[in-house]
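Close look at the chain arrangement
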Amino acid sequence: MSEKVLMKGNEAIAEAAVMAGCRHYFGYPITPQTEIAAYMSKRMPQVDGVFLQAESEIAAINMVIGVSAAGKRAMTSSSSPGISLKSEGFSYLAGCDLPAFIVNVQRGGPGLGGIQPSQSDYWQATRASGHGDFRKIVLAPASVQEMVSLTFKGFDLADKYRMTVLLLSDGTIGQMMEPVSLEMGDVTKYDKPWAVTGTKGARKPNIVNSLFLLPEVLEQTNIERYERYKSIEKTEVMYEEYMMDDAELCVVAFGIAARVSKNAIKAAREKGIKAGMIRPITLWPFPKDALADAAHRVKAFVSAELSMGQMIDDVELAIRCKRPVILCSRAGGMIPTPENVLAALDEAGKIGG
Amino acid sequence: MNTKQVLFAGFGGQGILFTGKFLAYQGLMSGREVSWLPSYGPEMRGGTANCSVILSDSPIGSPIVSNPDILLAMNLPSLDKYENCTVSGGQIFVDSSLIERKVKRTDVESFYIPATRLASDENLGGLANMIILGKMLRHSGLMRFEEIAPTMAKVVSAKRKNLYELNLKAIELGYNHGE
């Protein structure tokens, strides 16, 4: 095993991106993710890469579109209000079938909101990132180590499926330090015959474009894209099961909420409550089958989130409302305590009897 | 040791985050599970700043310390805020040159060290944080004396020899305080 180092979550994302072969970073500072840009500003020149502080978040995402169209790995990062600004770019990336790696280290909203951690961009990340029919792969790290592994994997998935991968983190995981191993293995290289790299007079020009004025053609691009999404839903779902073997109550939580929930589950077990957790690592594709399967075994679910209740929709959809789902929520930059989750488990135990 | 939850609290600018980082590195070097979580944003620029550090032999769940086993208080608002959250049987370390009152709890061990005054007396301006940390390391048993220098070498880069020596002097001063 390689030697572990202490790193902040945000820095870990940046180093993992470099290891994944990303040599183009475009960003604009915003708390609580500015360490990503700060790290890149030092690191990119060391690897002959490009660090560019753009004039705005919108400029940064459009620079990502340009580099990606040229066949290179590119990324941008921001926090909630800055991600909203990028939404046009997300839609164009999808319409052009371009790979991209985007990071959202969420803070409380709406509006400028606050700067403390939040998960209230769940709907934005998994549903309405921009106009039109499209999906993004959404990854939710719950540790600094996963900031590394999911960033590395995220770049791979983006190239593999020619689409945007969003790393959806929060201020806590972004700011905290934990020991990490940076041992990641080899980077898989993908052929990009579609990339705009100059024809040298030897082939027909490639065009990267999202405008299709003939509805029949546009419909076809959508259908083909959704075929790809279907295969992703079959093969790329990731989740962690924690103490689920004999669980009668199931917490569903991701990111920092999952970390807090682990404490609550341990405390519940000490009280004789058989609680467990399913932690989605991919928020899209959501681990629907794992939850539907758990619905046969558990009495009730608890959805623990740093929002007014967003992921709970996906939990209820996944289990087809077969069991009650209790919401355990804090918003606006507040984090549920283990006691909050434990209280929700108590309530779930009563209702789900 | 199974799990120790430590909360460092004081004003922004007192080096609260660095103090926590030193402890976190020690945990890393001894192969433990470690988490370090700072307060961030405007708080660290003049308001109250705090830092949660957890050292454990098993994987760490929540990195947020709301009930510390050990509290380091470097100003009165921090002692007021966190004294009652400290676990029964825990330890509270107080910078007695900045906090005039005593710890009210009787079910915790209390330690007093005039860290800020010692720092200025010994020409270690700005290193009160390391002095109180030294005191804490001794009385908590979290670090042996001979572990301090190698940890410092990991935290402060060798290029900044002067900083290394001053920090080491401060932490050793606190470690040996009252002996």
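Predicted, not measured: the structure shown is a model, and the values here were computed from it.

Thresholds applied
- Residues numbered from 1 in each chain as written.
- Chains lettered and ligands numbered in written order.
- Predicted model: local features only at pLDDT ≥ 70, side-chain atom pairs only at ≥ 80, totals over all residues.
- Heavy atoms only, no water.
- Pairing = 2+ DSSP bridges.
- Helix = DSSP H or I, 4+ residues; strand = E, 2+ residues; numbered from the N terminus.
- Axes fitted to C-alpha atoms, helices over the stretch in contact; angles between N-to-C directions.
- Contact = heavy atoms within 4.5 Å.
- Phe/Tyr/Trp six-rings, centres within 6.5 Å; stacked < 30°, edge-to-face > 60°.
- Buried < 20%, exposed > 50% of the residue type's maximum accessible area, 1.4 Å probe, protein only.
- Lys NZ or Arg CZ within 6 Å of the ring centre and 35° of its normal.
- Buried area = accessible area lost by both parts, 1.4 Å probe.
- Salt bridge = Lys/Arg side-chain N within 4 Å of Asp/Glu carboxyl O.
- Nonpolar A, V, L, I, M, F, W, Y, C, P; charged D, E, K, R; others polar.
- Parallel < 35°, antiparallel > 145°, perpendicular 65-115°, else oblique.
- Left-handed = near helix turned anticlockwise from the far one by under 90°.
- Disulfide = S-S within 2.5 Å.
- Domains from an automatic or database assignment.
- Polar contact = N/O pair within 3.5 Å; in protein donor to acceptor, adjacent residues only side chain to side chain.

**Considerations on the sheet that holds strand β14 (residues 325-329) of chain A**
Within a sheet, neighbouring strands are paired by backbone hydrogen bonds and run either parallel or antiparallel to one another. Residues and elements named next belong to chain A. Pairing is mixed across the open sheet formed by five strands, whose spatial order is β9-β11-β10-β13-β14. Edge positions in the sheet fall to β9 (239-242) and β14, since each has one partner strand and no second. Across the sheet, the mean angle from the axis of one strand to that of its neighbour is 20 degrees, orientation sign disregarded. Two elements, strand β10 (residues 249-252) and strand β11 (residues 275-280), share four bridges in a ladder whose sense is parallel. In the sheet register, Val251 faces β11, and the bridge partner there is Met277. Contacts between helix α10 (residues 255-270) and the sheet are confined to β9, β10, β11 and β13 (300-305), with β11 contributing the most and set at about 165 degrees to the helix. Packing of helix α12 (residues 311-318) onto the sheet brings it into contact with β10, β11, β13 and β14, and relative to β13 it is tilted by some 155 degrees.

**Here we look at the packing of aromatic side chains**
For the structure on display, the rule yields seven aromatic pairs over all chains. With a centroid separation of 5.8 Å and 40 degrees between ring planes, the pair formed by A:Tyr122 and A:Phe254 is classed as tilted. A residue pair is termed long-range when its members are at least 10 positions apart, and A:Tyr122 in helix α6 (residues 122-126) and A:Phe254 in the loop between β10 and α10 qualify at 132 residues. For A:Phe254, a relative accessible area of 1% translates into the label buried. Ring centres of B:Phe145 and B:Tyr175 lie 5.2 Å apart, and the angle between their planes is 65 degrees; this geometry places the pair in the edge-to-face category. On the criterion of sequence distance, the pair formed by B:Phe145 in helix α5 (residues 145-155) and B:Tyr175 in helix α6 (residues 161-175) is long-range, its members being 30 residues apart. Judged by relative accessible area, B:Phe145 falls into the partly exposed class, the value being 33%. Sitting over the ring of A:Phe90, A:Lys136 keeps its end group 5.0 Å from the ring centre. The lysine or arginine in question, A:Lys262, covers the ring of A:Tyr242, its NZ or CZ lying 4.9 Å from the ring centre.

**Overview of the interface of chain B and chain A**
On the side of chain A, 24 residues touch chain B, which itself brings 21 residues to the contact. Considering only the surface of chain B that becomes buried against chain A, B:Leu28, B:Trp36 and B:Tyr40 emerge as the three largest contributors, covering 36% of it. Run the count over chain B and chain A and you get one salt bridge. B:Lys154 serves as the salt-bridge partner of A:Glu3, at 3.1 Å between the closest nitrogen and oxygen. The greatest single-element share of the side of chain B that touches chain A, amounting to five residues, is contributed by strand β2 (residues 33-38) of chain B. Broken down by class, the residue content of the side of chain B that touches chain A amounts to 13 nonpolar, four polar and four charged.

**Some remarks on the pattern of salt bridges**
All names here are of chain A. By the definition in use, this model includes 26 salt bridges over all chains. A salt bridge links Lys160 to Glu236, with the shortest nitrogen-to-oxygen separation between them at 3.2 Å. Placement of the pair is Lys160 in helix α7 (residues 144-161) and Glu236 in the loop between α9 (215-235) and β9, with a sequence separation of 76 residues. Judged by relative accessible area, Lys160 falls into the partly exposed class, the value being 42%. Residue classification places Glu236 among the buried residues on the basis of a relative accessible area of 8%. Across the pair Arg279 and Glu240 runs a salt bridge, and its minimum N-O distance is 2.7 Å.

**A few points about the sheet that holds strand β3 (residues 50-53) of chain A**
Residues and elements named next belong to chain A. Spatial strand order, β3-β2-β4-β5-β7-β6-β12: seven strands in an open sheet with mixed pairing. Bordering the open sheet on either side are β3 and β12 (282-284), each of which pairs with just one other strand. Within the sheet, the average angular offset between the axes of one strand and its neighbour, ignoring direction, is 20 degrees. Of the strand pairs in this sheet, strand β2 (residues 24-27) and strand β4 (residues 74-78) are connected by four bridges, and their pairing is parallel. In the strand pairing of β4, Phe26 is matched with Thr76.

**Observations concerning the environment of A:Pro287**
Residues and elements named next belong to chain A. Turning to its location among the elements, Pro287 is positioned in the loop between β12 and α11 (288-295). The spatial distance from the C-alpha of Pro287 to the C-alpha of Glu233 is 8.8 Å, given a sequence separation of 54 residues. Residues in contact with Pro287, not counting those within four places in the same chain, are Val237, Tyr239, Pro280 and Thr282.

**Re the packing of helix α4 (residues 128-140) of chain B against α6(B)**
Residue and element names in this part refer to chain B. It is the contact of α4 with α6, at a shortest axis distance of 6 Å, that shows an interaxial angle of 45 degrees. On the basis of their axis angle, the class for α4 and α6 is oblique. In this structure, α4 meets α6 at a crossing whose hand is right-handed. Facing α4, whose interface residues are Met130, Ile131, Leu133, Gly134, Lys135, Leu137 and Arg138, α6 presents Asn167, Ala170, Ile171, Leu173, Gly174 and Tyr175.

**Some points on the state of the cysteines**
Residues and elements named next belong to chain A. Per the stated rule, a full pass over the model turns up zero disulfides over all chains. The closest cysteine sulfur to the non-disulfide-bonded Cys321 is located on Cys250, 15 Å from its own sulfur. With relative accessibility at 57%, the residue Cys321 sits in the exposed group. We note that Cys328 lacks a disulfide partner, and the nearest cysteine sulfur, in Cys250, lies 14 Å from it.

**Some thoughts on the pairing of strand β8 (residues 177-180) of chain A**
All names here are of chain A. Burial of the side chains of β8 extends over both faces: Met177 and Pro179 are buried on one face and Glu178 and Val180 on the other. One ladder, built from four bridges, connects strand β1 (residues 5-8) with β8; its direction is antiparallel. In the strand pairing of β8, Lys8 is matched with Met177.

**A closer look at the domain arrangement of chain A**
Residues and elements named next belong to chain A. The domain boundaries assigned to chain A delineate domain 1 (5-199 + 210-235) and domain 2 (240-351). Measuring from the centre of the C-alpha atoms in domain 1 to the corresponding centre in domain 2 gives 27 Å. Listed per partner, the contact involves 32 residues of domain 1 and 28 residues of domain 2. At the boundary of domain 1 with domain 2, total buried surface from both sides reaches about 2400 Å², with 57% on carbon and sulfur atoms. Sorting the residues of domain 1 by area buried against domain 2 places Gln119, Tyr122 and Trp123 first, and these three jointly supply 28% of that buried surface. Viewed at the interface, domain 2 and domain 1 are joined by four salt bridges. Among the salt bridges present, the one from Glu146 reaches Arg279, with a minimum N-O distance of 2.7 Å. Inspection of the region where domain 1 meets domain 2 yields 15 residue pairs in polar contact (both at pLDDT 80 or more). When contributions to the side of domain 1 that touches domain 2 are tallied by element, the ones reaching two or more residues are α6, β6 (137-139), α7, β7 (164-170), α8 (171-175) and α9.

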